[in-house]
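These are the residues of each chain, in order.
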Amino acid sequence: MTHGHSSNGVALARWVGLAIGLPALVAVILLGKDALMVVNKINENALKRETAALERGIKLLGELHASELLSQTMWDTAFRNVVLSKRQDWIRENFGKDAISPEGIQQLYIVDSRSNVIFSSELEGAPSPERGAALIAAASRPIERARMLYKSARAAGDGFGERMPGAMTDGIYVNDLIGLDGQSAMVTVSPFTPDVEDHETPNEPTLLLGVQFLTEPLLDKLESLSHIDGLEHVPANHTEATGEHTLALRDANGNVVTHVTWDFSSPGHAILLAALPAIALSLGLIAMMTLLAAFTVRRLTQRLSESEQAAIHASRHDAATGLANRGWFMSVFANLLTRAGKQDGVSAVMLIDCDYFKAVNDTMGHAAGDAVLCAIAGRLKALNERLVIAARLGGDEFAAVTTPMARREDAALIAEIVEKALTQPVLFDGRLLNVSVSIGVAAFETPSTLSIDAWLAKADVALYRAKRDGRGCSRVYDEALDTDIASELARTLQRAIGSSAVAARQPEAVSSPSVEAA
């Protein structure tokens, strides 16, 4: 029984520990999940900001190119020499290689009103018809857009210096992204216009095209404008996953021309790494508190289980001897008599009286009497292989039930073994106290239809015969021999009840036990 309650206590402690530890573990997991969500959100917002900054940088770069181009197209001298007189020497001097700034637009082209490329800064003259056609085809969208803006401004008659919708610089220009010679490039187109109203402007404009390929110098300038480091150009036919820090560069119609990538610093991860020591410390404290709480609960649960076991043991056992008490003995005996679901068997119940116990108490003191009782109890416990249960019923009265026997006749043999074990002298205060017991035995078969009281009555009759035969012996109930004794006991009880006498058993005069020096 003790082991079962101990197991229950340990199981309860485990359940309580699990009830404390599991919510703590779930809280830590949810905290980690929330922290990752916050980190990802920070990174997402930072990526959006850097993407917007890069897009603004591209727009500013286009505006810088437009401003550079407008300084040449919105110039009356240029209008006269390029549009009106078409002076190749002047054009070569002002738009040739030597005239191009190394930090500005890389190539300039002049397209006349009939869409012929009449000048290339790279060649310092007109390119081949094939080369010119390739340029016109690649830049057809911004060229057509610039012509439309020129015609609209000419028809309005308000001059060509007004700022176009969505533009940041005064004048007519168009910025776009194109693919040229297998490379991605930024192109700016602006028509030549006079800066005074004295000249008659043609119906179709002559255009100046500025081309800037997406090379390292251009990307460096873009880094400076967008405040983003590590920009790299990725070709338009790039199909592999380039990561979340990739921006598609599109033309005016929304078609992807190419991609750029950059070094994304992931500020969320940086914040997480900075806070990691504090997070680790917090998690450690949570783990320590959880373990401490689980340990405390387990100790309390174990103490509660031990207290429960102690209470159960106290309710079932005699405090003085540690044997089972009357209540627990009756419960176990009742279960043995029914033996539900078990095979038939033979056992025996014993009633044991300590002879001359009152004389021991009177002559040697109660401490000696207690020593005798404890010695008898210890010896009965030592016979656990032959006894299912041994109990103290009260005073100097004990009871026991044997383990199953092969036959009824074995009851007398077991009784003799018990008698021999119990009658060994007891050492007390340097003296040997002789012990004498009388034992009444009743053998019974299980399951039995008789009640507990019936079998105890039979054992009591056998005990009475043992005392009548001189004490210090054991007797097994025999219905043929003990019928008269049972009748005599019944008549004695009836006379006692009829005369209203006190139903108490009068002690017989006995001689004091012998005491030998140890």
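If you're wondering where the values come from, they're calculated on a predicted model, not measured in any experiment.

A. Looking closely at the overall build of the protein. The secondary structure content of the protein amounts to 13 helices and 16 strands. A separation threshold of at least 6 residues defines the contact pool for the protein, and within that pool the share at least 24 residues apart is 68%. Carbon and sulfur atoms make up 55% of the accessible area of the protein, which amounts to about 28,300 Å² in all.

B. Broad picture of the pairing of strand E14 (residues 437-446). The element E14 is largely enclosed, with a buried count of nine among its ten residues. With three bridges connecting them, E14 and strand E15 (residues 474-476) associate as parallel partners. By the bridge assignment, Gly440 is partnered in E15 with Arg475. In terms of handedness, the path from E14 via helix H12 (residues 452-468) over to E15 forms a crossover that is left-handed.

C. Focus on unusual backbone geometry. Between Thr446 and Pro447 the backbone carries a cis peptide bond, its omega angle lying at -5°. For Pro447, the location among the structural elements is in the loop between E14 and H12. One non-glycine residue, Lys86, lies in positive phi territory at about 50°. You can see Lys86 is positioned in the loop between helix H2 (76-84) and helix H3 (88-95).

D. Local environment of a nonpolar patch on the surface. Judged by side-chain polarity, Leu22, Leu25, Val26, Ile29 and Leu30 come together as a nonpolar surface patch covering roughly 450 Å² of accessible area. With respect to the helices, strands and loops of the structure, Leu25 is situated in helix H1 (residues 2-73).

E. Representation of the confidence of the model for the protein. Of all residues in the protein, 83% have pLDDT values of 70 or greater, and the mean over the chain is 82. Segment residues 500-518 is flagged for pLDDT under 50; beyond a separation of four residues in sequence, or across chains, it makes 27 contacts in the model.

F. Region of interest: the packing of H2 against H3. At a minimum axis distance of 8 Å, the contact between H2 and H3 shows a crossing angle of 130°. The angle between H2 and H3 places the two elements in the oblique class. When you trace H2 past H3, the crossing you get is left-handed. Contacts from Thr77, Ala78, Asn81 and Val82 in H2 reach Trp90, Ile91 and Phe95 in H3.

G. Structural view of the nonpolar core. Formed by 34 residues in total, the largest nonpolar core has its most connected members in Met350, Ile352, Ile376, Leu380 and Val418. Those elements that provide at least two residues to this core are strand E9 (345-354), helix H9 (357-364), helix H10 (366-382), strand E10 (387-394), strand E11 (397-402), helix H11 (410-422), strand E12 (426-428) and E14. Broken down by element, the residue count for this core peaks at seven residues, all from H10. Sequence-distant contacts of Met350, that is, excluding residues within four places in its chain, are made with Phe398, Ala399, Ala400, Thr402, Ile414, Ala415, Val418, Ile439, Gly440 and Val441. Among the nonpolar cores identified, the runner-up in size contains 24 residues, and Tyr109, Leu180, Leu207 and Leu209 belong to it.

H. Representation of the side chain of Glu63 in the model. Examined against the element boundaries, Glu63 turns out to sit in helix H1. Buried charged residue Glu63 carries no salt bridge. Nearest counter-charge: Lys59, at 4.2 Å. At a separation of 2.7 Å, a polar atom in the side chain of Glu63 contacts the side chain of Tyr173.

I. The arrangement of the sheet that holds E15 in detail. Pairing in this open sheet of five strands is mixed, and the strands run E10-E11-E9-E14-E15 from one edge to the other. If you trace the sheet from one side to the other, it starts and ends with E10 and E15, each paired once. Put simply, the sheet's adjacent strands are angled 20° from each other on average, direction ignored. One ladder, built from six bridges, connects E10 with E11; its direction is antiparallel. Across the sheet, the residue bridging to Ala391 is Ala399, located in E11.

J. Structural view of the sheet that holds strand E4 (residues 183-191). Spatially, five strands are ordered E2-E1-E5-E4-E3 in an open sheet, and the strand pairing comes out antiparallel. The open sheet terminates on both sides in strands that have one partner only, identified here as strand E2 (117-120) and strand E3 (174-180). With strand direction ignored, the average angle separating the axes of adjacent strands in the sheet is 25°. Here E4 runs beside strand E5 (residues 207-213); their pairing, made up of seven bridges, is antiparallel. The residue of E5 that forms the bridge with Ala185 is Phe213. The strands that H3 touches are strand E1 (107-111), E2 and E5; relative to E2, the one it contacts most, it runs at about 45°. Sheet strands touched by helix H4 (residues 129-138): E1, E2, E3 and E5. Its angle to E3, the strand with the most contacts, is close to 125°.

K. Fine view of the packing of aromatic side chains. All chains considered together, the criterion is met by six aromatic pairs. Aromatic side chains Phe333 and Phe444 sit 5.5 Å apart centroid to centroid with 55° between the ring planes, which places their arrangement in the tilted category. Within this pair, whereas Phe333 is found in helix H8 (residues 326-338), its partner Phe444 is found in strand E14, the two being separated by 111 residues in sequence. Classification of Phe444 by relative accessible area gives buried; the value is 1%. One cation-aromatic arrangement involves Arg316 over Trp328; the distance from NZ or CZ to the ring centre is 4.0 Å. The ring of Trp455 carries Lys458 above its face, with NZ or CZ at 5.8 Å from the centroid.

L. Local environment of the packing of H10 against H11. Running from amino to carboxyl end, H10 crosses H11 at an angle of 140°, the nearest separation of the two axes being 9 Å. Considering their axes alone, H10 and H11 lie oblique with respect to each other. Helix-helix and strand crossings are classified by hand; for H10 and H11 the assignment is right-handed. Two secondary-structure elements touch here, H10 through Ile376, Arg379 and Leu380 and H11 through Val418, Ala421 and Leu422. Partitioning the contact of H10 with H11 into residue classes produces five nonpolar, no polar and one charged.

M. Structural context of the pattern of salt bridges. In the structure shown here, the tally under the stated rule is 14 salt bridges. With a closest N to O distance of 3.3 Å, Asp89 and Arg87 form a salt bridge. With relative accessibility at 42%, the residue Asp89 sits in the partly exposed group. Here Arg471 and Asp355 are joined by a salt bridge, their closest N and O atoms 3.7 Å apart. Separated by 116 residues along the polypeptide, Arg471 in the loop between H12 and E15 and Asp355 in the loop between E9 and H9 bring together distant segments of the chain.

How each quantity is defined
Residues numbered from 1 in each chain as written. Predicted model: local features only at pLDDT ≥ 70, side-chain atom pairs only at ≥ 80, totals over all residues. Heavy atoms only, no water. Helix = DSSP H or I, 4+ residues; strand = E, 2+ residues; numbered from the N terminus. Contact = heavy atoms within 4.5 Å. Areas by Shrake-Rupley, 256 points an atom, 1.4 Å probe, with all protein chains shown as cover. Buried < 20%, exposed > 50% of the residue type's maximum accessible area, 1.4 Å probe, protein only. Pairing = 2+ DSSP bridges. Right-handed = clockwise from strand over helix to strand, strands pointing away. Patch = residues over 30% accessible without salt bridge, like charges linked within 9 Å, V, L, I, M, F, W, Y side chains within 5 Å. Salt bridge = Lys/Arg side-chain N within 4 Å of Asp/Glu carboxyl O. pLDDT = per-residue confidence, 0-100. Axes fitted to C-alpha atoms, helices over the stretch in contact; angles between N-to-C directions. Parallel < 35°, antiparallel > 145°, perpendicular 65-115°, else oblique. Left-handed = near helix turned anticlockwise from the far one by under 90°. Core = buried A, V, L, I, M, F, W, Y, C linked by side-chain atoms within 4.5 Å. Lys, Arg positive; Asp, Glu negative; His and termini not counted. Polar contact = N/O pair within 3.5 Å; in protein donor to acceptor, adjacent residues only side chain to side chain. Phe/Tyr/Trp six-rings, centres within 6.5 Å; stacked < 30°, edge-to-face > 60°. Lys NZ or Arg CZ within 6 Å of the ring centre and 35° of its normal. Nonpolar A, V, L, I, M, F, W, Y, C, P; charged D, E, K, R; others polar.

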